[in-house]
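What the coordinates show
As a plain string of letters, each chain reads:
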Amino acid sequence: MSLSKFFILCVLHQRPMHGYDVARAVEATTNGCCSPTEGTIYPVLREFEEGGYLTAASEVVSGRERKVYTLTDKGRAAFKVAVEAWMDVTRCLVDAEKMIAAAPLTTGASGCCSTAP
């Protein structure tokens with residue numbers, strides 16, 4: 001799962017929200033590191049809705065109709081799996097950081113990120 005999709009699930013795990021709020025929440029959650037556009041957010045929200053990971057309900061706010069997205073049980077389960085997968089990646093990154101700190105850069109080094117056979 002891409003980080004963009006992960007962060008969308010993450011913010012929707014906190015509370016239901018509409019697309020603009022999702023984009024702003026992802027940006028705030030990542031301290032501006034990930035700043036999704038409408039062109040990124042809405043296709044993912046549509047994909048998640050079609051996959052049964054979230055539901056969309058229309059509401060009128062200040063005379064404008066908006067869709068409010070809410071994670072389903074399937075979406076919450078997918079978020080849990082995604083967290084576990086990204087934690088595996090995080091452990092690999094931490095191990096790589098330790099390798100770099102412990103030894104000078106060499107070729108053919110082994111480890112979780114090694115491309116050597």
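Since this is a predicted model, take the numbers as computed values, not measurements.

With that settled, consider the sheet that holds strand E3 (residues 64-71). Here 3 strands make up an open sheet; going across it, the order is E1-E3-E2 and the pairing antiparallel. Each of the sheet's edge strands pairs with one partner strand only, and the pair in question is strand E1 (17-18) and strand E2 (54-61). Each of E1, E2 and E3 touches helix H1 (residues 3-14); the most contacted strand, E3, lies at about 95° to it.

Inspection of every chain in the model, using the stated rule, returns 3 aromatic pairs. Ring geometry for Phe48 versus Tyr53: centroids 6.0 Å apart, planes at 65°, classification edge-to-face. An aromatic cluster of at least three residues, connected via ring pairs, comprises Phe6, Phe7 and Phe79. Looking at Lys74, its charged tip hangs above the ring of Tyr53, at a distance of 4.8 Å from the centre.

Moving on, we get to the environment of Phe79. Summarising the element assignment, Phe79 is placed in helix H4 (residues 73-102). As for Phe79 and His13, which are separated by 66 residues in sequence, their C-alpha atoms are 7.8 Å apart. Non-local contacts of Phe79, meaning those with residues more than four positions away in its chain, are made with Phe6, Leu9, Cys10 and His13.

Calculation criteria
- Within each chain, residue numbers correspond to sequence positions counted from 1 in written order.
- Per-residue local features are limited, in this predicted model, to residues with pLDDT of at least 70; the limit for side-chain atom pairs, both in listing and counting, is 80 or more; totals at the level of whole chains, interfaces and linings are taken over all residues.
- Side-chain metrics in this entry use all non-hydrogen atoms of the structure; hydrogen atoms and water are not considered.
- DSSP bridges decide pairing: two strands pair if at least two such bridges lie between them.
- We count a stretch as a helix when DSSP gives it H or I for four or more residues in a row; a strand needs E for two or more, and each element gets its number in order from the N terminus.
- Should any heavy atoms of two residues lie within 4.5 Å, those residues are considered in contact.
- Fitting a line to C-alpha atoms yields each axis, with helices limited to the stretch in contact; the angle taken between N-to-C directions then spans 0 to 180 degrees.
- Pairing of aromatic rings covers Phe, Tyr and Trp, the last counted by its six-membered ring, and requires centre-to-centre distances within 6.5 Å; plane angles under 30 degrees mean stacked, over 60 mean edge-to-face, and any other angle means tilted.
- Counting as a charge over the ring demands two things of the Lys NZ or Arg CZ atom: a distance within 6 Å of the ring centre and an angle within 35 degrees of the ring normal.

By themselves these figures say nothing about function.
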